[in-house]
Structures are given as structure tokens and as C-alpha cells.
Amino acid sequence: MSSSVLVSLDHVTSCLSGYDPESLRVDDGREIIKTFSRIIAKNLTIEKLPIRDALGRVLAQDVISTINVPSHNNAAMDGYAFNSKVLSFEKNKIIELKVSGQILAGNKKNIDQLDGSCFQIMTGAIMPTNCDTVIPQEFVEVSENKIQFLRSAVKPFDNRRLKGEDLQLGTPALKSGKILKPADLGLLASLGMPEVDVFRKLRVTFFSTGDELKSIGESLPEGYVYDSNRYTIFGMLKRIGVEIVDLGVIPDDPVLLENALLSASVSSDVIITSGGVSVGEADHTKAVMKKIGDVCFWKVAMRPGRPMVFGKVWPDKDKQSEFFSLLFGLPGNPVAVMVTFYIFVREAILQMMGSNEYKSQFILVESAQSFKKKPGRTEYRRAKIIQNSNNSPCVKLTGSQGSGILSSMSEADCLVILEHDTVNVKIGDLVPVLIFDGLI
Ligand code: AMP
Ligand code: MG
């Protein structure tokens, strides 16, 4: 559960011009949610972890380089190190240099280069003090203790790495708010850091609602469906790297719903429910959520995923303590739940985790087909990026787009976004696309 100064939803929504919960623009919903997730991010505690355990976690402090990486000027190729002055002094097309010795990677002492000579050097070995260029070994002819090479084969400063060119002593190597990726673990290791400060993990609790739902392992009488939302939500949360609590299926019963929400709110930063918010069903859900929280009931101008609940819930609403859980009541349809998660929940969780890289990246890709759509709502179509006849990427729908059709979502690797005011898209038009891979 998260702590914050008391900001009411009424206050936030009243600051938004044209706020209309009955037909909420996607961008407005995202803006309201962001206001709350930003507040929570400021109050996270910090823990120290061994760097391998910190993969996927959010860095809580800038990491300042305590050393130069690399720590010396060194060779980037196996070859011969020399001073580039010989390239300008020598008028000949062929350069000849005496080989004064050999330097292997890991050799400790600095070696002075003798005038007009060179050193055989291995990749990573420390450059002799006044050498600045390496000619790769494949470009030289070796005879006795001399080498010859064409002067056109190398330019001054080729094939040497400078001290501190990767990380410079005293400068930030990684900035707070970064989600640690494999390269970052390597970077921390290259600084010799065994541990790193990260924000604590968020705890996210979720459950499904619906009398018609059965869980895996139960028999499936006529009229029932297996609960798939708890598995898609699990998968999407797992990729973000939060602590996950699955409360199972809660029947459409106000008392059971209230108990589930109250128990989740005791220890969760975020609660995600699915189902029970569509017209006709919403009334008892609404009553319960209002009773225990500060919530908005939205009809979002989007497809799939129109009905949605957003707000805060407390274990004891009367106290309205500064500790609360953020509540996302998502629609029940299997694709609607995934789309609303990607559009509203994922960024919010990343922001709450303290990440400053929480924004989803939308890229523009050519459309392989034409679309028609109603203006005044944002539509998300399941699609796949393929190659067109010129071998450049284009995007094509994966099949039936009904909000319960999970198979076309399974086949998809992205969502095409048809924005609020878009009406027609022609073949070859650029459309914004949200790619699933990378939504870690
Ligand atoms: P609701 O939003 O509760 O009205 O549900 C809309 C549709 O989604 C209904 O057809 C439900 O059976 C289906 N549905 C709701 N929750 C789930 C779930 N957890 N898994 C699979 N389908 C669901
Ligand atoms: Mg339902």
C-alpha cells in the first residue's frame, strides 16, 4: 500500500477542462491516472540488492563512476602500436618500423615507445605511453624484428581506446529512475559494484469477478467459461516485475466483492479487477467501490474496453489515511482487459515503481490495409508487423477483432492505434503502433 498526500479524484478531474466521465477521451484518462501514480512514486522506500537480483528493478540513486572505464588507453585490435607522427614524417608509401617488444593484455607496467619503433600489442593491452595508433596485424608484413605496412592502411588514432571513454571517473554512469537491463548489470560490474540501490517492489493484487467463471482444474458446466483474465493479467504483470497476489475468482456478490477489495487494500499498492463494470452489472460493483473508496466510473471513448473504474480504496475509508491502494476496475472481455491494461495500467505501474522510462513508445508503421472507423473514439486493432513487397515493414490485422477473441490477440505482436479523430486510413498511410515485445 502506498502513502501520499491526500489528493481527491474530484480535485484532479475538476482541473481537467471538458472532463466527461460518460465519454472520456483516452488521453484524459491517462492524464488523471498519471497524476496519482506520480505521487506514489515519490514515497517509495529503497533497498540494496546484489546486481544480478536488481535486473528489471528501478535504480533509486544515480550511480557515479568511481573509476575510469577503461582505466588506461588500450589497444582495440591485435596489431602493432606506434606514434602516429611517423605517418606524417614518412613520405614513403610504405612505412617500416622496428618492433621493440610485445605487450599482452593484463601487462601492468607502462612502456615507453622508442623513436621510430613499434610494439606488438594484443587487444585490451595498455598502450605504450607515447603510442596513439594501432595497425591491425593483418595489414602488416613481418620480417625478422621489423614490420612494413602501407601508410594508407591506417589513420592517426585508429584502433586505440581512450582511458575513460566508456565511463569517466566522477560522472553519472546510470541515472536514478532507470529500469536495469542486462547492459546495465554489465556496466555496474565494469565499475566493480557488487550491489545497487533500487526502489522496493510494488505489490499488485488482482482478481476476476463473475458467476460464470470457473478456474483451471474445475469442470466446465454449460454456460460457464474458464477464467483467462487472471492469466493474461499475471503475464503482463510478470513482465513488469512486481510482486503478484492472485485472489482468484470472486462471485458477483457485493459482500464477497467488498471483502476481497478490503483485504487487498491492506497490503497492495495496486488492485486490478476484471469484469463486473459493464452496463447492467455495474450497479452493485459501483455501490461497493463507492462505499470503500474514492472512485470514478468511466465510459472511455475507446474500443475495445469502454467501461472502467479508477480510484483509490482504503482498508478503512472513514479514516481516509494517507495509505491507499490504487484501483483499476477493468472490463471483463478478455481482449478489453489486455488493451486497457496496456493503455492505462502498465505506464501507471512503471511510474509508481519510480521509473522515468514509463512511457510506452508508439512507432509509425505503414498500413497494409485500409480502415474505416467512427470518429470520437480511439480504436485498438490487433495486428502483426510483416514485410511488404519492398521488404519494408508494414502492419496487418490478425483476424476477427471482437473484444472476446483472444486468438487474434495471441497471433498479434502489436496494436494499431486509430486515434480519437481518425476516420479513414488508406493502404500505405502511416499509423501509430504499440509493439508488445519490449513492454517488459
Ligand atoms: P463483464 O465485464 O463482467 O460483463 O464481462 C464481459 C464478458 O467477458 C462476459 O462474456 C464474461 O463472461 C467475459 N469475462 C469476464 N471475466 C472474464 C474472465 N476472467 N475470463 C474470461 N472471460 C471473462
Ligand atoms: Mg461479469
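Below or above, wherever it landed, is the structure these notes cover. Throughout, a residue's number is its position along its own chain's written sequence, starting from 1. Key to labels: chains lettered from A, ligands numbered from 1, both in the order written. Selection of residues for local features in this predicted model requires a pLDDT of at least 70, selection of side-chain atom pairs for listing and counting requires 80 or more, and totals for whole chains, interfaces and linings are taken over all residues. Where side-chain values are given, they derive from all heavy atoms of the structure, hydrogens and water being excluded.

## Focus: the overall build of the chain
Operational definition: Numbered from the N terminus, helices here are DSSP runs of H or I no shorter than four residues, and strands are runs of E no shorter than two. Taken over C-alpha atoms, the radius of gyration is set against a globule rule of 2.2 Å times the number of residues to the power 0.38. Relative accessibility decides the category of a residue: with a 1.4 Å probe and only protein chains considered, values under 20% of the type maximum give buried, values over 50% give exposed, and everything between is partly exposed. Residues count as neighbours in contact if any of their non-hydrogen atoms are within 4.5 Å of one another.
Looking only at helices and strands, the chain has nine helices and 29 strands in total. Its C-alpha atoms give the chain a radius of gyration of 30 Å, more than 25% over the compact-globule value 22 Å for 440 residues. Expressed as lengths along the three principal axes of its C-alpha atoms, the size of the chain is roughly 90 × 55 × 50 Å. Expressed as a percentage of its 440 residues, the buried residues of the chain come to 48%. Taking as baseline every contact in the chain between residues at least 6 positions apart, the subset at least 24 positions apart corresponds to 72%.

## Regarding the nonpolar core
Just so we agree on the cut-off: Residues belong to a common nonpolar core when they are buried Ala, Val, Leu, Ile, Met, Phe, Trp, Tyr or Cys residues joined through side-chain atoms within 4.5 Å.
In terms of nonpolar packing, the biggest core is built from 59 residues, with Ile272, Phe328 and Ile349 touching the most fellow members. No other element matches helix α8 (residues 334–352), which puts 13 residues into this core. Once residues within four sequence positions are removed from consideration, Ile349 is found in contact with Leu202, Val204, Leu237, Ile240, Val242 and Val270.

## Topic: the sheet that holds strand β9 (residues 141–143)
Heads up, the condition is: DSSP calls a pair of strands paired once it identifies at least 2 bridges connecting them. Fitted lines through C-alpha atoms serve as axes, helices being fitted only where they are in contact, and the angles separating the N-to-C directions of these axes extend from 0 to 180 degrees.
Taken in spatial order, the six strands line up as β8-β5-β7-β6-β10-β9 in an open sheet, and their pairing is mixed. In the strand order of this sheet, the two ends are held by β8 (133–136) and β9, each with one partner. Within the sheet, the average angular offset between the axes of one strand and its neighbour, ignoring direction, is 35 degrees. Note: strand β5 (residues 79–82) against β8, four bridges, orientation antiparallel. Looking across to β8, one finds that Gly79 is bridged to Pro136.

## A few points about the packing of aromatic side chains
For clarity, the cut-off: Note on aromatic contacts: the rings of Phe and Tyr and the six-membered ring of Trp form a pair at centre separations within 6.5 Å, being stacked when their planes are under 30 degrees apart, edge-to-face when over 60 apart, and tilted otherwise. Remark: a charge is flagged as sitting over a ring if the NZ atom of Lys or the CZ atom of Arg is within 6 Å of the ring centre and within 35 degrees of the ring normal.
Under the defined criterion, the tally for this structure stands at six aromatic pairs. Here the aromatic rings of Phe82 and Phe149 are separated by 5.4 Å at their centres, their planes lie at 35 degrees, and the arrangement is tilted. With a gap of 67 residues between them, Phe82 in strand β5 and Phe149 in strand β10 (residues 146–150) connect regions that are remote in the sequence. Their ring planes at 20 degrees and their centres at 5.7 Å tell us that Trp298 and Phe310 sit as a pair that is stacked. Of the two residues, Trp298 is situated in strand β19 (residues 293–299) and Phe310 in strand β21 (residues 307–313); the sequence distance between them amounts to 12 residues. Here Phe310 falls in the buried class, since its relative accessible area comes to 1%. The structure contains a cluster of three or more aromatic residues connected by ring pairs, namely Phe36, Trp298, Phe310 and Phe328. In this arrangement the basic side chain of Lys286 is found over the ring face of Phe297, its NZ or CZ atom lying 5.4 Å from the centre. The aromatic ring of Phe324 is capped on one face by Lys312, whose charged end is 4.8 Å from the ring centroid.

## A few points about the site of ligand 1
For clarity, the threshold we go by: Near residues are defined by distance, with any heavy atom within 4 Å of the molecule or strand qualifying the residue. Polar contacts, as used here, are pairs of N or O atoms within 3.5 Å; protein pairs need one atom able to donate a hydrogen and one able to accept it. Residues neighboring in sequence count only if both atoms are side-chain atoms. To be clear on the numbers: accessible area is Shrake-Rupley with a 1.4 Å probe, and residue cover counts the displayed protein chains and nothing else. Classification used: nonpolar for Ala, Val, Leu, Ile, Met, Phe, Trp, Tyr, Cys and Pro, charged for Asp, Glu, Lys and Arg, polar for all others including Gly.
Around ligand 1, a shell composed of 14 residues is seen, among which Glu212, Asp227, Gly276, Ser278 and Glu281 lie nearest. Gly276 places a polar main-chain atom, nitrogen or oxygen, 2.8 Å from an oxygen atom of ligand 1. Interatomic distance of 3.3 Å between a backbone N/O atom of Asn333 and an oxygen atom of ligand 1. Relative to its free-state accessible area of 480 Å², ligand 1 is covered by the protein chains to the extent of 80%. Residues that form the shell around ligand 1 fall into these classes: three nonpolar, eight polar and three charged.

## Here we look at the side chain of Glu379
Mapped onto the fold, Glu379 is located in strand β25 (residues 378–387). Taking relative accessible area as the criterion, Glu379 reaches 4% and is therefore assigned buried. One polar contact links Glu379 to Arg377, side chain to side chain, over a distance of 2.8 Å. In terms of polar contacts, Glu379 uses its side chain to reach the side chain of Arg381, at 2.5 Å. In contact with Glu379, other than residues within four places in its own chain, are Arg303, Lys373, Lys374, Val416, Ile417 and Leu418.

## Regarding the side chain of Ser367
Examined against the element boundaries, Ser367 turns out to sit in strand β23 (residues 362–367). A relative accessible area of 2% means that Ser367 is categorised as buried. Side-chain polar atoms of Ser367 contact the backbone oxygen of Gln369, separated by 2.5 Å. Residues within four places of Ser367 in sequence aside, it is in contact with Val395, Val425, Lys426, Ile427, Gly428, Asp429 and Val431.

## Regarding a nonpolar patch on the surface
Condition: Exposure above 30% relative accessible area and the lack of any salt bridge qualify a residue for a patch; like charges then connect within 9 Å, and the nonpolar side chains Val, Leu, Ile, Met, Phe, Trp and Tyr within 5 Å. Salt bridges, as used here, are contacts in which a Lys or Arg side-chain nitrogen is within 4 Å of a carboxyl oxygen on Asp or Glu.
There is a patch of nonpolar side chains on the surface, built from Leu220, Tyr224 and Tyr226 and spanning about 270 Å² of accessible area. Relative to the assigned elements, Tyr224 resides in the loop between β15 (213–214) and β16 (225–226). Since its relative accessible area comes to 34%, Tyr224 is described here as partly exposed.

## Regarding the packing of helix α2 (residues 26–41) against α8
Stated precisely, the cut-off is as follows: Each angle is binned into one of four classes, with values under 35 degrees roughly parallel, values over 145 roughly antiparallel, values of 65 to 115 roughly perpendicular, and all other values oblique. Put simply, a crossing is left-handed when the front helix is turned counterclockwise from the back one by less than a right angle, and right-handed when it is turned clockwise.
Viewed as axis vectors pointing N to C, α2 and α8 meet at an angle of 20 degrees, and their least axial separation amounts to 8 Å. Classified by the interaxial angle, the pair formed by α2 and α8 is roughly parallel. In this structure, α2 meets α8 at a crossing whose hand is right-handed. Only Ile343, Phe344, Glu347, Ala348, Gln351 and Met352 of α8 make contact with α2, whose side of the interface consists of Val26, Gly29, Arg30, Ile33, Lys34, Ser37, Arg38, Ile40 and Ala41.

## Quick word on the pattern of salt bridges
Taken as a whole, this structure holds 20 salt bridges when the rule is applied. We note a salt bridge from Glu357 to Lys181, for which the minimum N-O separation is 3.5 Å. Of this pair, Glu357 sits in the loop between α8 and β23 while Lys181 is found in the loop between β12 (172–174) and α4 (182–190), placing the two residues 176 residues apart along the sequence. By relative accessible area, Lys181 is classed as partly exposed at 33%.

## Digging into the pairing of strand β6 (residues 94–103)
In this structure, β6 lies alongside β10, joined through five bridges in antiparallel fashion. Residue Lys98 lies in a different strand from β10, and its bridge partner there is Lys146.

## Some points on helix α5 (residues 229–240)
Note the cut-off: Each helix should span, by expectation, one fewer than its residue count multiplied by 1.5 Å. The directions from the helix axis to the C-beta atoms are what the arc is built from.
Between its terminal C-alpha atoms α5 stretches 17 Å, which fits the 16 Å expected from 12 residues at 1.5 Å a residue. When α5 is considered as a whole, its buried residues turn out to be Asn229, Arg230, Thr232, Ile233, Met236, Leu237 and Ile240. Seen along its axis, α5 keeps its buried residues to an arc of 165 degrees; they face one direction. Residues of α5 that are buried in the fold lie against β14 (203–209), β17 (243–250), β18 (270–274) and α8.

These figures come from the coordinates and say nothing about function on their own.
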